[in-house]
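Residue-level structure breakdown
Next come the chains, spelled out residue by residue.
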Amino acid sequence: MTDHADASFALSEDDPGTDAAGRRRRPEPTDFVFTFSYETYSDAVRRGMMRPPDRILSSLMRSPEVRRLLVADPFRWLPRVAASPVLDRDVRFPADERVAYHRPARLRREDPVAVSGVEAEYSRYDRSLERAADRLGLVAPHVLTTNPLVAGFAPFEWASGVTFFARDDWLSSPARQAYWPAYREAYRRISATGRSVAAVSAEIIDRIAPTGPAMVVPNGVEPDEWLGLLPAAPAWFAEIPGPRAVYVGTLDSRLDVPGIADLATRRPELQVVLLGPCPDPAYVADLRRFPNVHVHASVARAELVATLRNAEVCLLAHRRTPLTEAMSPLKVYEYLAAGVPVVSIDLPPVRDIDDRVLLVDRVADFADAVDVALGLGRAPEELRLEFIEANSWSARHELMLDLARS
C-alpha cells in the first residue's frame, strides 16, 4: 500500500502556505464551486447536514478563505426541478451576493450507463456549471466535487483546478454496480489528468491511484453537537435495560446480521440496539426473534447524540467487503465523541483512531470483547473533549482547502 498524508498533514516551511516559523499563513480568498454527488442541497438539509459532503459545504460557506461560492446539485429530471418550489418549500438556500445555488436540469431521470453517454452527459453538466459561475462572477474558481463522474468526465477548462472528495469507493458499491465501468474510467481520468484527490481512507486513494496531490482526510465530528453536560436519554432508550450496545447506520448489506445474531445468542444479558433506516426490512427480519435485539428507526441529530452519550458500548458490526474495507466509518468518530468504548471489526481505516476502539477479526467474535469494552467504561471528560477537538470537521476542512490550492 502506498503511503499517503493523513489528517495530520501540514504544509512544509518552504510552502507558501506557511510562514518562516512554519505557521499557517492565511491565503487570499479564492472562488469555489462545490457539487454534491447524488444528493441535493434539500436532501442534505433534511438529514441534518450530517454527512461528510454536507459538512464540507458548511465549512465552505463560512470560511473566510472562500471569496464567492457556487453550490450545485447533481443533474435532476426537469419536471422535478420545476416542481422544487413546491416540493422543497420547507428548505431555503441562504443565497446572497457571495453564495449562489444552481439546480442543473435534464430530460432524462438517470445517468446513462455507457461510458460514451456519461462523457456526453457530464460535458453538458460542465457547461451548465460554467454558465452559472459566470453569472455569479467567479474568477478562476476551484471545483470541489463529491461526485466521481463529475471529477472524471467534466472538462473544467474554465476552472483553476479540480479536487475530488471520495467518501466511499464507488467502484465497490453493490447498489451502483451498473455504473462500475463508468467509475473505473472516471478513476483512470482523474489519475491521468493529475486532479487532486482527498479521500476518507488510504484504500480509496490506492484504488484511484492519483498522479496529482492526494490526502487522506478521515471523517470527523462537529464539536457543538457533542459538548456540554450529559443529556437525558430518550424515553425509548431509557426503557431498555443495560448494558446496551448500540449500532448506528443504515441497516443494509454492510451490517453483519449473522454476527449480530451470534452476539445476541451468546450474550443474552446484552441489549443490542440497531438504530437507523432499514430500506429492506427482510434483511434484518431474522434478528427480530431475539428479545435482546432492538431495531429502531432513525432519529434526529439531538436524539442520536443523547442516545450515544447514554450508551454503555457501541458497535461497528460490518461485513468485510471491498466497500467496508475502504470506508472511514463516521459512526466510530461519533461513538468516541460520545465517550463510549467501541467494539469494531478490524478494518484498515479503523486502526489507530483511538485506544478505546477494540478490534476483532469477525463480528462473531464481538461476544468475547464486550466485557473488555464494558470494563473501560465512559472516557474521562478531559479525554473526550481532547478527542472532539482533535477530530473536528473544521480542522479536516482546512487541510482540504490547502490541498485544493496546492
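Preceding this section is the structure that the text describes.
In this report, the structure presented in the accompanying data block is examined. (Residues numbered from 1 in each chain as written. Predicted model: local features only at pLDDT ≥ 70, side-chain atom pairs only at ≥ 80, totals over all residues. Heavy atoms only, no water.)

1. Notes on the packing of aromatic side chains
Summed over all chains, the structure comprises 12 aromatic pairs. Here W236 and F237 contribute two aromatic rings whose centre-to-centre distance is 5.5 Å and whose plane-to-plane angle is 70°, an arrangement assigned as edge-to-face. Judged by its relative accessible area of 18%, W236 falls in the buried class. A relative accessible area of 0% places F237 in the buried class. Over the ring of Y38 we find R176; its NZ or CZ atom is 3.8 Å from the centre of that ring. (Phe/Tyr/Trp six-rings, centres within 6.5 Å; stacked < 30°, edge-to-face > 60°. Buried < 20%, exposed > 50% of the residue type's maximum accessible area, 1.4 Å probe, protein only. Lys NZ or Arg CZ within 6 Å of the ring centre and 35° of its normal.)

2. A closer look at the sheet that holds strand β9 (residues 214-216)
In sheet architecture, strand pairing relies on hydrogen bonds along the backbone and comes in two forms, parallel and antiparallel. An order of β4-β2-β1-β6-β7-β8-β9 is seen for the seven strands of this open sheet, with the pairing classed as parallel. Two strands bound the open sheet, and with one partner strand each, they are β4 (99-102) and β9. In this sheet, adjacent strand axes meet at a mean angle of 15° when their direction is disregarded. With four bridges connecting them, strand β6 (residues 142-145) and strand β7 (residues 161-166) associate as parallel partners. What sits directly across from L144, in β7, is T163. (Pairing = 2+ DSSP bridges. Helix = DSSP H or I, 4+ residues; strand = E, 2+ residues; numbered from the N terminus. Axes fitted to C-alpha atoms, helices over the stretch in contact; angles between N-to-C directions.)

3. Structural notes on the environment of A404
Position of A404 among the secondary structure elements: in helix α17 (residues 393-405). Classification of A404 by relative accessible area gives buried; the value is 8%. Separated by 350 residues in sequence, A404 and D54 place their C-alpha atoms 18 Å apart. In contact with A404, not counting residues within four places along its chain, are F32, H142 and T163. (Contact = heavy atoms within 4.5 Å.)

4. What about the pairing of strand β11 (residues 271-275)?
Every other side chain in a regular strand lies on the same face of the sheet, so the side chains alternate between the two faces. With five of five residues buried, β11 is to be regarded as a mostly interior element. The two faces of β11 match: Q271, V273 and L275 on one face and V272 and L274 on the other face are all buried. Bridging between strand β10 (residues 244-248) and β11 involves five bridges; their strand directions are parallel. Each bridged residue has a counterpart across the sheet, and for A245 the counterpart in β11 is V272. Relative to strand β12 (residues 293-296), β11 runs parallel, the two sharing four bridges. Directly across from L274, in β12, lies its bridge partner V295.

5. Observations regarding the nonpolar core
Judged by nonpolar contacts, the single largest core of 68 residues is most densely connected at F34, L60, L69, L149 and F156. The element contributing the most residues to this core is helix α5 (residues 115-136), with seven residues. Setting aside residues up to four positions removed in sequence, F156 forms contacts with D126, L129, V143, V150, V162 and R195. Core analysis: the second largest hydrophobic core is formed by 58 residues, A245, V246, V272 and L358 among them. (Core = buried A, V, L, I, M, F, W, Y, C linked by side-chain atoms within 4.5 Å.)

6. Structural notes on the side chain of H142
Note that H142 resides in strand β6. Within polar-contact distance, the side chain of H142 engages the side chain of T163 at 2.8 Å. Setting aside its immediate chain neighbours within four residues, H142 contacts D31, F32, V33, S160, G161, V162, T163 and A404. (Polar contact = N/O pair within 3.5 Å; in protein donor to acceptor, adjacent residues only side chain to side chain.)

7. Let's talk about the packing of helix α2 (residues 52-62) against α17
One way to put it is that α2 packs onto α17 with a least axis distance of 10 Å and a crossing angle of 75°. The angle between α2 and α17 places the two elements in the roughly perpendicular class. Contact with α2, carried on its side by P52, R55, I56, S59 and L60, involves W393, H397, M400 and L401 of α17 and no other residues of that element. Tallied by class, residues from the contact of α2 with α17 come to six nonpolar, two polar and one charged. (Parallel < 35°, antiparallel > 145°, perpendicular 65-115°, else oblique. Nonpolar A, V, L, I, M, F, W, Y, C, P; charged D, E, K, R; others polar.)

8. Quick look at the environment of A367
Examined against the element boundaries, A367 turns out to sit in helix α15 (residues 366-376). For A367, a relative accessible area of 6% puts it in the buried group. C-alpha separation for the pair A367 and A264, spaced 103 residues apart in sequence, amounts to 8.3 Å. If we ignore the near neighbours within four places in the chain, the residues touching A367 are L263, R266 and R267.

9. Examining unusual backbone geometry
A cis amide bond, omega -5°, links G242 with the succeeding residue P243. Mapping P243 onto the fold places it in the loop between α10 (235-238) and β10. Of note, the phi angle at M49 is positive, near 50°, even though the residue is not glycine. The phi torsion at D352 lies on the positive side, around 70°, for a residue other than glycine. Judged by its relative accessible area of 80%, D352 falls in the exposed class.

10. A few points about the packing of α5 against helix α7 (residues 180-193)
Look at α5 against α7: their axes get within 9 Å of each other, and the N-to-C directions meet at 60°. Compared by their axis directions, α5 and α7 come out oblique. For the element pair α5 and α7, the recorded crossing hand is right-handed. Of the residues in α7, those in contact with V115, V118 and E119 of α5 are P181, A182, E185 and R189. (Left-handed = near helix turned anticlockwise from the far one by under 90°.)

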